Amino acid sequence: MALLFSKTHEWLNTADDNTATIGISDFAQDELGGLVFVNLPEPGDEVTVGEAFADVESVKAVSDVMSPVSGTVVEINEELLDEPEKINDAPYDAWFIKVENITAHDDLMDEAAYKEYLENLDE
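Residues numbered from 1 in each chain as written. Predicted model: local features only at pLDDT ≥ 70, side-chain atom pairs only at ≥ 80, totals over all residues. Heavy atoms only, no water.

(A) Representation of the overall build of the protein chain within the structure. Check the secondary structure of the protein chain and you find four helices and nine strands. In summary, the protein chain has a C-alpha radius of gyration of 13 Å against a globular reference of 14 Å for 123 residues, a match within 12%. Seen through its C-alpha atoms, the protein chain measures out along the principal axes to roughly 35 × 35 × 25 Å. Here the protein chain holds 123 residues, and 42% of them are scored as buried. When contacts within the protein chain are restricted to residue pairs at least 6 apart in sequence, long-range pairs at least 24 apart make up 60% of them. Side chains of the protein chain give 5 positive and 30 negative charges; the mean places of these two sets differ by 5 Å. (Helix = DSSP H or I, 4+ residues; strand = E, 2+ residues; numbered from the N terminus. Rg over C-alpha atoms; globule rule 2.2 N^0.38 Å. Buried < 20%, exposed > 50% of the residue type's maximum accessible area, 1.4 Å probe, protein only. Contact = heavy atoms within 4.5 Å. Lys, Arg positive; Asp, Glu negative; His and termini not counted. Charge placed at Lys NZ, Arg CZ, Asp CG, Glu CD.)

This is the structure we're talking about:
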């Protein structure tokens, strides 16, 4: 699985050029702490690159989840609605949404570039 990452700490896995699965990175879930609630869009909703498509509530705060692509939601991970802690347990398995008809995407980084980006956050 070749993941791509956004500067706002979402990951994207593309099955092909037209469909993508989106979640949040290990760094993001670690920063948020224990997640207790997730609010997801509905299938058929449009998502826009750089805009919030979901929010997660942790013991610390509520945070928006930004879309790294523009397109149409075709599936949501309903398990997360009942078990948001799965995001903390396995952030790269706990996808949020699947999007198709992708028309735009953020400047995405491969895993090596994302690790370098994280290392430079503290500077």
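(B) Region of the structure containing the sheet that holds strand 2 (residues 10–16). Taken in spatial order, the six strands of this open sheet run 1-2-3-9-8-5, and their pairing is antiparallel. Of all the strands in the sheet, just strand 1 (4–5) and strand 5 (46–47) have a single pairing partner and so form its edges. Looking at chain direction, strand 3 (residues 19–24) and strand 9 (residues 97–105) are connected through four bridges and run antiparallel. Residue pairing in the sheet places T19 in a bridge with E100 of strand 9. (Pairing = 2+ DSSP bridges.)

(C) Local environment of the packing of aromatic side chains. In total, this model carries five aromatic pairs according to the counting rule given. Relative to F96, the ring of F53 has its centre 6.4 Å away and its plane inclined at 80 degrees; by these criteria the two rings are edge-to-face. Placement of the pair is F53 in strand 6 (residues 52–58) and F96 in the loop between helix 3 (85–89) and strand 9, with a sequence separation of 43 residues. A single burial state applies to F53 and to F96, both of which are buried. Taking 6.4 Å as the distance between ring centres and 25 degrees as the angle between the ring planes, the aromatic pair formed by Y114 and Y117 counts as stacked. With a gap of three residues between them, Y114 and Y117 both fall in helix 4 (residues 111–120), about one helical turn apart. Three or more aromatic residues joined by ring pairs make a cluster, and in this case those are F5, W11, Y92, Y114 and Y117. (Phe/Tyr/Trp six-rings, centres within 6.5 Å; stacked < 30°, edge-to-face > 60°.)

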